[in-house]
Amino acid sequence: MAIKLHHSISVHPGPWLKRQMVEPYGVTVKELAGHFGVSRQALSGLLNGHANLSAEMAIRFEKAFGVKADTLLRMQAAYDIAQAREHEDEIKVGRLEMAA
């Protein structure tokens, strides 16, 4: 039997990165975007939870702050599935049976 977790346990990696990494370092979004070689808008969208974390952005955070990209991507996946679970009853798909 699978363990069912409440969706509130899942955290979007963007705001978490903002609170735990970016703010303690005292760097602005504009400065960090320049350091990463990405647009300020793209980074701001992620840090405010409006955009998903890509594998490339996760690697940028790993290189800059030392947090593992794999961990950040697992956070994103957990968040994504929690969001989908909130409306899973609306997804009308039946179970397939194996061919005999």
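Going by the structure above, here's the rest.
Residues numbered from 1 in each chain as written. Predicted model: local features only at pLDDT ≥ 70, side-chain atom pairs only at ≥ 80, totals over all residues. Heavy atoms only, no water.

Undergrad: Give a detailed account of the pattern of salt bridges, specifying residues and quantitative values.
TA: By the definition in use, this model includes 2 salt bridges. A salt bridge links Glu88 to Arg85; the nearest nitrogen and oxygen atoms lie 2.9 Å apart. Overall, the relative accessible area of 49% leaves Arg85 in the partly exposed class. (Salt bridge = Lys/Arg side-chain N within 4 Å of Asp/Glu carboxyl O. Buried < 20%, exposed > 50% of the residue type's maximum accessible area, 1.4 Å probe, protein only.)

Undergrad: How would you explain the side chain of Gln76 if you had to name every residue and give the values?
TA: Note on placement: Gln76 falls in helix H5 (residues 69-85). A distance of 3.0 Å separates the side chain of Gln76 from the side chain of Asn52, its partner in a polar contact. Setting aside residues up to four positions removed in sequence, Gln76 forms contacts with His12, Pro13, Asn52 and Leu53. (Helix = DSSP H or I, 4+ residues; strand = E, 2+ residues; numbered from the N terminus. Polar contact = N/O pair within 3.5 Å; in protein donor to acceptor, adjacent residues only side chain to side chain. Contact = heavy atoms within 4.5 Å.)

Undergrad: Run through H5, naming residues and quoting values.
TA: Helix length check: H5 (17 residues) gives 24 Å between terminal C-alpha atoms against 24 Å at 1.5 Å per residue, within 8%. Residues of H5 that are buried: Ala69, Leu72, Met75, Gln76, Tyr79 and Ala82. Buried residues of H5, seen end-on, are gathered within an arc of 155 degrees and therefore sit on one face of the element. (Expected span 1.5 Å × (residues − 1). Arc of directions from axis to C-beta.)

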